[in-house]
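One letter stands for each residue in the lines below.
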Amino acid sequence: YINPDRVGYLGLSHGGEMAFKIGSEYDGLRCMIAVEPAAGEYLGVGPRKPGSPRPPETRMNVTQQMMDEELAETRSRTNMTIANERIGRIKTPIMVMGRINDDNEPQFRLSYEIGKELGKPFEWKQYEHAEHGFIFVRRNAKGVYEPDAAQRQIVADTITYFNGCLK
């Protein structure tokens, strides 16, 4: 009774990591979206060097140079044998969505980059927003949904992606 071409998955944070775990073990979903995937454990990212500063969970004024340096540092702490083996098993298309202002942005981006390096059907979108989980629009004090510009964009991108892959 279920048409597998019409089944997708969207997960946020640990639920985004679960997209990778699900994709590594099971086929059957047509496509997935991993929003701000907290995929450090899945990728085999090791701890930071003792005494190295940890960026705040949400930070503003992030530059491209900062993101590039953080990505290289995260890659250097990653067990690439584990990461490549796990992502290498994925067949399901995945849209990975990152948040520039998140201290885990390097893991989000690394999840995508490893997939692309392995020829996986991965896509990437990145947004700037002060709040983790901003894809879930909340109601204001009057009970009305009032998304900001970034939220409108991520919701529009999500709908476009699912419309494109769910037949």
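Once a new chain begins, its residue numbering starts again from 1 and follows that chain's sequence as written. The model is predicted, so local features are restricted to residues of pLDDT at least 70 and side-chain atom pairs to those at 80 or more, both for listing and for counting; the totals for chains, interfaces and linings are taken over all residues. Side-chain measures here rest on the full set of heavy atoms in the structure, leaving out hydrogens and waters.

(A) Broad picture of the overall build of the protein. Strands here mean DSSP runs of E at least two residues long; helices mean DSSP runs of H or I at least four residues long; both are numbered from the N terminus. The number of helices and strands found in the protein is 6 helices and 4 strands. Each helix and strand of the protein, placed in order from N terminus to C terminus, yields the pattern β-α-β-α-α-α-β-α-β-α. Here the radius of gyration uses the C-alpha set of atoms, whereas the globule reference equals 2.2 Å times the residue count to the power 0.38. Against the compact-globule benchmark of 15 Å for 167 residues, the protein has a radius of gyration of 16 Å, which places it among compact chains. Here the C-alpha coordinates of the protein stretch approximately 50 × 45 × 20 Å along the principal axes.

(B) Representation of the nonpolar core within the structure. With 20 residues, the main nonpolar core has F20, Y42, L43, I87, I90, I94 and F122 as its most contacted residues. Put simply, the parts of the chain that give this core at least two residues each are helix 1 (14-25), strand 2 (31-35), helix 2 (40-43), helix 4 (80-88), strand 3 (94-99), helix 5 (105-117) and strand 4 (122-127). Looking at which element gives the most residues to this core, the answer is helix 5, with 4 residues. Pairs of residues are marked as contacts when any of their non-hydrogen atoms sit within 4.5 Å. Non-local contacts of F122, meaning those with residues more than four positions away in its chain, are made with F20, I87, I90, T92, I94, S111, Y112, G115 and K116. The set of buried Ala, Val, Leu, Ile, Met, Phe, Trp, Tyr and Cys residues whose side-chain atoms join them within 4.5 Å is what this entry labels a nonpolar core. Summary of the burial criterion: residues with accessible area below 20% of their type's maximum are buried, those above 50% are exposed, and those between are partly exposed, where the area comes from a 1.4 Å probe applied to protein chains only. By size, the runner-up hydrophobic cluster in this structure holds 13 residues, among which are C31, I33, M95 and F134.

(C) Representation of the pairing of strand 4 in the model. Examined bridge by bridge, strand 3 and strand 4 share 6 bridges and lie parallel to one another. Bridge pairing in strand 4 places V96 opposite W124. One crossover worth recording links strand 3 to the parallel strand 4 by way of helix 5, and it is right-handed. Strands are labelled as partners when DSSP assigns at least two bridges between them. Call a crossover right-handed when, viewed with both strands pointing away from you, the route from the first strand across the helix to the second goes clockwise.

(D) Highlighting the packing of aromatic side chains. Between the rings of Phe, Tyr and Trp (Trp by its six-membered ring), a pair exists once the centres lie within 6.5 Å; its type follows the angle of the planes, with under 30 degrees stacked, over 60 edge-to-face, and the other angles tilted. Tallied over the full model, the rule gives 5 aromatic pairs. An angle of 65° between the planes, with centres 5.8 Å apart, marks the rings of Y127 and F134 as edge-to-face. For the residue pair Y127 and F134, the accessibility class agrees, reading buried in each case. In textbook terms, an aromatic cluster arises when at least three aromatic residues are bridged by ring pairs, as seen for F20, Y42 and F122.

(E) Inspection of the side chain of T78 at higher detail. If you trace the backbone, T78 turns up in the loop between helix 3 (64-76) and helix 4. Since its relative accessible area comes to 9%, T78 is described here as buried. Polar contacts, as used here, are pairs of N or O atoms within 3.5 Å; protein pairs need one atom able to donate a hydrogen and one able to accept it. Residues neighboring in sequence count only if both atoms are side-chain atoms. Reaching out from T78, the side chain makes a polar contact with the backbone oxygen of T74 at a distance of 2.7 Å. When residues no more than four places from it in sequence are discounted, the contact partners of T78 are L43, G44, V45, A83 and L110.

Note that all results are geometric; they support no functional claim without further evidence.
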